[in-house]
Each structure stands twice: as structure tokens, then as C-alpha cells.
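One-letter residues, chain by chain:
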Amino acid sequence: PPVNLGLSLISAPFLAPGAAHHVIRSWSGNPLPWDGYDPLFILWYAAGSCALGLAALLLTFQAIRSWAGDGPAAAGTLLVFWASPAPAYAYLWPGFHHVPSMLACALILVLDEAWDRLARRWEMLGLVLGVAFTRWPPNLLLGLIILARKGSSMFSKAGKGSLATL
């Protein structure tokens with residue numbers, strides 16, 4: 001399923017050092033734990049999950065700040081942190097989709113905020129929506145709201161002969 005592919009692609013940079021350690025350990029003759037995951041592998045994976053969660057919070061702060069200012073952005077970001085299960089999943093169950101899903105949604109928000117400054121905005125929207133969908137298909141709903149907003153803007157400008165600027 002696409003959810004598993006997305007998790008592998010987003011987590012790959014953090015899994016590589018743990019996997020390398022895993023291979024070296026098995027080649028050296030050290031027995032692996034019964035489940036195949038030694039503590040260092042789990043540590044790398046959890047550290048990667050926490051880094052993705054932090055990136056998601058920082059991107060969320062950036063997107064909210066552009067709309068509402070520093071104070072509301074800080075409050076909104078704290079609410080996202082405390083009201084979401086993502087922090088628990090980042091630290092306790094890093095193999096689930098919650099943290100990369102939160103990052104994908106934050107990317108959608110940042111894309112919406114930066115829309116007018118992007119040269120290849122429609123390609124970026126397709127890429128970000130693809131990543132969001134591979135994380136968790138309902139994430140596409142957030143993207144569809146933005147797509148509808150941008151699409152309605154496109155059609156309103158099309159009547160004025162400005163399709164090239166979209």
C-alpha cells in the first residue's frame with residue numbers, strides 16, 4: 001500500500017545508519033535480538049521520528065505566523081503539539097505514520113502560504129499532495145481544500161487573460 005512506501009521514503013535517511021550498524025553487527029557474528037532490532041537501530045529510528053516531528057512543528061509555526069503573527073503562531077503550534085498524538089508517536093511508536101503525516105500537512109500549509117512566491121507552484125502542489133497521500137490518504141482532504149482555493153483563483157484570473165501567471 002502507498003502508506004508503507006511513504007513511510008519508507010521519508011524515514012530512509014534516519015534508517016540508513018541503524019541498518020548499516022545492523023549489517024555490520026550481523027557480519028561480525030554478534031547475535032541479533034530475537035525481533036531483529038537492536039537498541040541502536042531503534043535509537044536511530046526514534047531520533048529520526050523526533051526530527052521529523054520537530055520539522056513539522058517549525059513549519060506549522062512558520063505557516064501560522066505568516067497569517068496571524070508570532071503570538072498566535074506560538075500558541076497554535078503549542079496546541080498542535082499538545083492536542084495531537086504525534087509527539088507520543090514520535091517518542092514511543094516511531095514506526096507509525098502520525099509524525100510523517102503531520103510533516104506532510106505542515107508542508108501543505110507552508111506551500112499555501114508561499115504560493116505566490118513559487119515559480120513551479122502546481123508541480124510543488126502535486127509533489128506535496130503525493131507525499132501527504134502516501135502518508136495517510138485522508139491528508140489529501142487538506143490538500144483538496146487548498147487545491148480548490150487555488151483552482152478558483154485560477155479560473156477567476158483566467159477570465160482576465162492572466163493564465164500565464166498561475
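It should be noted that the structure appears before, not after, this text.
**Concerning the layout of surface pockets**
Each pocket or cavity is described by its volume, and for the largest pocket that value is around 200 Å³. If one sorts the elements of the lining of the largest pocket by residue count, helix α5 (residues 98–114) sits on top with six residues. Classifying every residue of the lining of the largest pocket gives eight nonpolar, six polar and no charged.

**Points about the packing of aromatic side chains**
For the coordinates displayed, the defined rule picks out three aromatic pairs. Consider the rings of tyrosine 89 and tryptophan 93, whose centres lie 5.2 Å apart with planes at 55 degrees: the pair is tilted. With a relative accessible area of 42%, tryptophan 93 lands in the partly exposed category. With a centroid separation of 5.0 Å and an interplanar angle of 90 degrees, the aromatic rings of tryptophan 115 and tryptophan 122 are classed as edge-to-face. Tryptophan 115 gets classed as buried once you look at its relative accessible area, which sits at 7%.

**Here we look at the packing of α5 against helix α6 (residues 121–135)**
Relative to each other, α5 and α6 sit at 160 degrees, their axes nearing to 8 Å. Our classification of the angle between α5 and α6 gives roughly antiparallel. With respect to the hand of their crossing, α5 and α6 are arranged in left-handed fashion. Where α5 abuts α6, its residues Pro100, Ser101, Ala104, Leu107, Ile108 and Leu111 lie against Met124, Leu125, Val128, Leu129, Val131, Ala132 and Arg135.

Thresholds applied
Residues numbered from 1 in each chain as written. Predicted model: local features only at pLDDT ≥ 70, side-chain atom pairs only at ≥ 80, totals over all residues. Heavy atoms only, no water. 1 Å grid on protein atoms, 1.4 Å probe; cavity = no way out; pocket = protein on both sides within 12 Å on 5 of 7 lines; lining within 4 Å. Points joined across faces, edges and corners; volume = space filled by probe spheres on them. Helix = DSSP H or I, 4+ residues; strand = E, 2+ residues; numbered from the N terminus. Nonpolar A, V, L, I, M, F, W, Y, C, P; charged D, E, K, R; others polar. Phe/Tyr/Trp six-rings, centres within 6.5 Å; stacked < 30°, edge-to-face > 60°. Buried < 20%, exposed > 50% of the residue type's maximum accessible area, 1.4 Å probe, protein only. Axes fitted to C-alpha atoms, helices over the stretch in contact; angles between N-to-C directions. Parallel < 35°, antiparallel > 145°, perpendicular 65-115°, else oblique. Left-handed = near helix turned anticlockwise from the far one by under 90°. Contact = heavy atoms within 4.5 Å.

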